[in-house]
Every structure is written in C-alpha cells, then in structure tokens.
Amino acid sequence: LAPECLNSLYKLQRLVLVDVRLESLQLQINNLTKLQDLKVGTNCIQSMTLPSFMSTFKDFSLLDLHANNISIIRMDHTAVLREIGRNMTLILSRNPLIHIEPGAFKDVILRELHLLAAFIS
C-alpha cells in the first residue's frame, strides 16, 4: 500500500486488509477517525502495537489480528488499547503465542477476547 493512500477516506468505518502481506500495524490512517473495525488477519504482523494516533478514534471497537505471526505480547504493545478505554473486541486466534507479559492487558477494557488455537503449547 502506498503511504497515505487510505487517508482521504474520512468517513470509513470498516477497513479490511486481510491476506495482503502486511508486516506491521503502523499504517498511515490518521485521518480515519470514524474507523470502528480494523480487520488485518492472515498477514505477517509480528506485533499488535497500534499507532498512537488511534487512541483518538472515538468509535474504534474491533481489532482482528487472527492468523498473523504474533508470538509475544508485552505491556508496551497494548498501550494504545489502554488509552482507547472502551469495550472492544480483540481477535488473536491462530497466532503462535508463546508469551504474554504479566500486566500486558492490565487496564485494557475488552468486551471479547478470541484466543482460539492461539498458543504453541
């Protein structure tokens, strides 16, 4: 994706970038303040760290990261989720999780957490 190619879609509520070989969540989508759902499953993402500007997305409620390459979740990876501070759904199913740092989800408010087939052992 070209940098900022999606930024003119100001009223976009759902962005689906499934199976497009994304390697990071550091997308240049800072103008998509109406975004509610971000579906980025079946990619090559290794960290669930969201860009800091997403903490201002008032209606953001779904982050779908299924079937990526996330193996470790640390406190700093969930910082933006803590700032969002509202009930969200987080889908981490089918990631090869081997470690979740104690406190990584402290003060993260989740409505649903999907971890189906998410752990190596």
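Structure: above.
By convention here, each chain's residues receive numbers from 1 onward along its written sequence. Residue-level local features of this predicted model are given only where pLDDT is at least 70; pairs of side-chain atoms are given and counted only at 80 or more, and the full residue set underlies all totals for whole chains, interfaces and linings. By convention in this description, side-chain values take in all heavy atoms of the structure and omit both hydrogens and water.

*Asks:* How should the nonpolar core be read in this particular structure?
*Replies:* As a rule of thumb, nonpolar side chains are buried together in soluble globular proteins. By size, the foremost hydrophobic cluster in this structure holds 31 residues, and its most contacted members are Leu35, Leu38, Met54, Phe60, Leu63, Leu65 and Leu81. Where helices and strands are cited, they refer to DSSP runs of H or I of at least four residues and of E of at least two residues respectively, numbered from the N terminus. Contributing elements (two or more residues each) for this core: helix 1 (79–84) and strand 5 (88–91). It is helix 1 that contributes the most residues to this core, three residues altogether. Once residues lying within four places of it in the same chain are set aside, the contact partners of Leu65 are Leu25, Val40, Gly41, Ile45, Met48, Ile70, Leu90, Ile91, Leu92 and Asn95. Buried Ala, Val, Leu, Ile, Met, Phe, Trp, Tyr and Cys residues that are joined via side-chain atoms within 4.5 Å together make up what is termed a nonpolar core. Working definition: with a 1.4 Å probe on protein chains only, accessible area under 20% of the residue-type maximum means buried, over 50% means exposed, and in between means partly exposed. Only heavy atoms enter the contact rule, under which two residues are in contact if any of them lie within 4.5 Å.

*Asks:* Help me understand unusual backbone geometry in this model?
*Replies:* A negative phi holds for most residues other than glycine; trans holds for most peptide bonds. Unusually for a residue other than glycine, Asp19 sits at a positive phi of about 60 degrees. Mapped onto the secondary structure, Asp19 falls in the loop between strand 1 (14–16) and strand 2 (37–39). Not every positive phi belongs to a glycine, and Ala117 is a case in point at roughly 55 degrees. You can see Ala117 is positioned in the segment after strand 7 (110–114). Overall, Ala117 belongs to the exposed group, its relative accessible area being 60%.

*Asks:* I keep staring at the environment of Lys39 and nothing clicks. Help me out?
*Replies:* Inspection of the secondary structure puts Lys39 in strand 2. Relative accessible area serves as the criterion here: at 30%, Lys39 is assigned to the partly exposed category. Taking the C-alpha atoms as reference points, Lys39 and Val16, 23 residues apart in sequence, are found 4.7 Å from one another. Contacts of Lys39, omitting those with residues within four sequence positions, involve Leu15, Val16, Leu17, Val18, Leu62 and Asp64.

*Asks:* So what exactly am I meant to see when it comes to the environment of Asn43 here?
*Replies:* Tracing the sequence through the fold places Asn43 in the loop between strand 2 and strand 3 (62–64). Contacts of Asn43, omitting those with residues within four sequence positions, involve Leu17, Val18, Asp19, Val20, Arg21, Leu22, Ala67, Asn68 and Asn69. Only 2.8 Å separates the side chain of Asn43 from the backbone oxygen of Leu17, close enough to count as a polar contact. There is a polar contact of 2.8 Å between the side chain of Asn43 and the backbone nitrogen of Arg21. Between N or O atoms, a polar contact is any pair within 3.5 Å; within protein, one atom must be a potential hydrogen donor and the other a potential acceptor, and residues adjacent in sequence are included only when both atoms are from side chains.

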